[in-house]
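Notes for the structure review
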Amino acid sequence: MTRTVSITPFKDQKPGTSGLRKKVPVFQAPGYTEAFIQSIFDSLEGFQGKTLVIGGDGRFYNREVIQTALRMAAANGFGRVLVGRGGILSTPAASHMIRKYEAFGGLILSASHNPGGPTEDFGIKYNISNGGPAPETITDAIYARTQVIDRYRIADFDDVDLDELGTFEGGGMTIEVVDPVADYAELMETLFDFGAIRALVSGGFRVAFDAMHAVTGPYASEILVRRLGVDPASVLNATPLEDFGGHHPDPNLVHARKLYDLMMSPEAPDFGAASDGDGDRNLIIGRGVFVTPSDSLAMLAANAHLAPGYKNGLKGIARSMPTSGAADRVAAKLGVEMHETPTGWKFFGNLLDAGRCTICGEESAGTGSDHVREKDGLWAVLLWLNILAVRKQSVMEIVRDHWAEYGRTYYSRHDYEAIDTGQANQLFSALEGKLDSLAGHQAGSLTIAKADSFTYHDPVDGSVSRNQGIRIFFEGGSRLVFRLSGTGTSGATLRVYMERHEPDPAHHDEETQEALAPVIEAAEALAEIRKWTGRDSPTVIT
Ligand code: G1P
Ligand code: ZN
């Protein structure tokens, strides 16, 4: 039986950088989750009888929302739902599943690297038939719909047993509970030389992978351990937990500190990596060397042709605007297109679909390629392993060679989390107000060459996205970017991104924060962060 339930709109259902993210109790308010899912369905056309993919990162409330989403998909007329066993699908695996089974779209339930648990974060994101996050035209339509929605549709049937593989019927719709790992693992085998990586591992090369009690545990166990021969003890925190063991499943130097310390110790294995809550981010650390995500993008792009899936070279490279210019130098050398997009993976979709780029990346630990339409943590790990297996050099040697050839781009991001929204807006208004008059002026010891607010013109569909962050370019090539996070769930988060390119190998051994000191000083001089936020220092430095 299908019911129509009357509701009044929730005014705060505006999708951010990556879907709708709120605290669990917000999603638990009666009708809240239903209102958002119905607004998604109401913004789509032509899905009657078609397939929808549903899965999540296994965080608290995942299973409940999946049961609701199944009942609503049936009531709204989907013909079939593919759902990962245990309600699990990593974000890249969901993207692949949508593409492989030519689904109409997918619902990905995740708040990525944000903490999980009864009072922590939850999220719902809609992906389109190319497997990628819905573009702004659709997320804007969803938001508009949330503002006026007055009813949702739901079918009545018992909870589906998500732990049993098999095909079920519910509300006239077919529900297939599928293996969340198999298709994804098979895709990875087509891209990488598993034989070469297995030989590397059996030759004594040691790997440590931290799954952070999040979704990549089962994927790493299948791919790294079972298919590539990595010691099971080297996959850390492999069991997904609803609260990620109380940690932030965020693979950065703060939350993956133990892995970092291990990689800097005398007992360090050869290669260390971690992924986040939903498996789309990656952290790469060699013995004694942290590879910044911006550098990792550049190095993967420069070496991708060593892996079978990329042996014909790259069509182009894309990076989000705050990501460092390291990849631009690789694109220039390869003679391929370089694209600079706003923050958020959804902006890469058109470029990938149009064959304008093969590899994409963000400074926030996201890298991926045209194999899916999401960033992909394990993909980055496997591409690194493939490159290491072919080059037979250490991570440190590959990094040093790269810097010697292209120069080193010192890079850091300073986050001021959970600051007052009003003060954050004032800081931005003050900065925006003076943008036009900054050129030629000093900020600390640096001279400003140009300042603007980033506007993106999508070269594929012509759409324009404004206010995507403030950019300050300095004479000599350093750059500073200010943005407000679009994924935070409490107050505002100010992100300050700093970079400086250093061509001379004699200066490639500086400590990053020291190397960036003039840019950090300029950030304070320009934005008066201390005054507006009341904070003496960032909450997170990556
Ligand atoms: C953050 C990252 C961004 C990434 C997004 C989703 O968004 O900065 O690169 O695409 O998470 O993982 P933000 O909070 O900065 O809007
Ligand atoms: Zn993520």
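Notes on the structure follow. Bear in mind the structure is a predicted one, so any value in this text is a computation, not a measurement.

**Examining the packing of helix 6 (residues 182-191) against helix 13 (residues 377-391)**
- Orientation of helix 6 relative to helix 13, taken along the N-to-C sense of each, is 30 degrees, at an axis distance of 11 Å. Viewed along their axes, helix 6 and helix 13 adopt a mutual orientation that is roughly parallel. Of the two possible hands of crossing, helix 6 and helix 13 adopt the one that is right-handed. Across from Tyr184, Met188 and Leu191 in helix 6, the residues of helix 13 making contact are Leu378, Trp379 and Leu382.

**Focus on the site of ligand 1**
- Near ligand 1 there are 14 residues, and of these Thr17, Ser364, Gly486, Thr487 and Arg495 occur at the shortest range.
- One of the side-chain N or O atoms of Arg281 is found 3.0 Å from an oxygen atom in ligand 1.
- Between Ser364 and ligand 1, the recorded distance is 2.6 Å, taken from a side-chain N or O atom to an oxygen atom.
- Across the complex, the protein chains shield 98% of the 380 Å² of accessible surface that ligand 1 would expose by itself.
- Placement of ligand 1 is best described as lying within the largest cavity.

**Looking at the pairing of strand 25 (residues 479-484)**
- Where burial is concerned, most of strand 25 is hidden: five out of the six residues are buried.
- Across four bridges, the pairing between strand 24 (residues 470-474) and strand 25 is antiparallel. Among the inter-strand pairings, Ile470 is bridged to a residue of strand 25, identified as Phe482.
- Looking at chain direction, strand 25 and strand 26 (residues 492-502) are connected through six bridges and run antiparallel. Looking across to strand 26, one finds that Phe482 is bridged to Val496.

**Focus on the coordination of the zinc ion (ligand 2)**
- Every protein donor of the zinc ion (ligand 2) is accounted for by Ser112 (OG), Asp276 (OD), Asp278 (OD) and Asp280 (OD), and the metal-donor separations fall at 2.0 to 2.1 Å.
- Each of the four donor atoms bound to the zinc ion (ligand 2) contributes to angles spanning 86 to 161 degrees, and the resulting shape is irregular.
- In the primary sequence, the donor residues of the zinc ion (ligand 2) line up as S-x163-D-x1-D-x1-D. You can see Ser112 sitting in the loop between strand 5 (105-109) and strand 6 (121-127) and its partner Asp278 sitting in the loop between strand 12 (271-275) and strand 13 (282-286), a full 166 residues away along the chain.
- The buried category is assigned to Ser112, whose relative accessible area is 3%.
- Classification of Asp278 by relative accessible area gives buried; the value is 4%.

Calculation rules
Residues numbered from 1 in each chain as written. Chains lettered and ligands numbered in written order. Predicted model: local features only at pLDDT ≥ 70, side-chain atom pairs only at ≥ 80, totals over all residues. Heavy atoms only, no water. Axes fitted to C-alpha atoms, helices over the stretch in contact; angles between N-to-C directions. Helix = DSSP H or I, 4+ residues; strand = E, 2+ residues; numbered from the N terminus. Parallel < 35°, antiparallel > 145°, perpendicular 65-115°, else oblique. Left-handed = near helix turned anticlockwise from the far one by under 90°. Contact = heavy atoms within 4.5 Å. Near = heavy atom within 4 Å. Polar contact = N/O pair within 3.5 Å; in protein donor to acceptor, adjacent residues only side chain to side chain. Areas by Shrake-Rupley, 256 points an atom, 1.4 Å probe, with all protein chains shown as cover. 1 Å grid on protein atoms, 1.4 Å probe; cavity = no way out; pocket = protein on both sides within 12 Å on 5 of 7 lines; lining within 4 Å. Sits in = over half its atoms within 2 Å of the grid points. Buried < 20%, exposed > 50% of the residue type's maximum accessible area, 1.4 Å probe, protein only. Pairing = 2+ DSSP bridges. Donors = N, O, S within 2.8 Å, 3.2 Å for Na, K, Ca; no water. Tetrahedral: all angles 85-135°; square planar, octahedral: opposite > 155°, others 65-115°.

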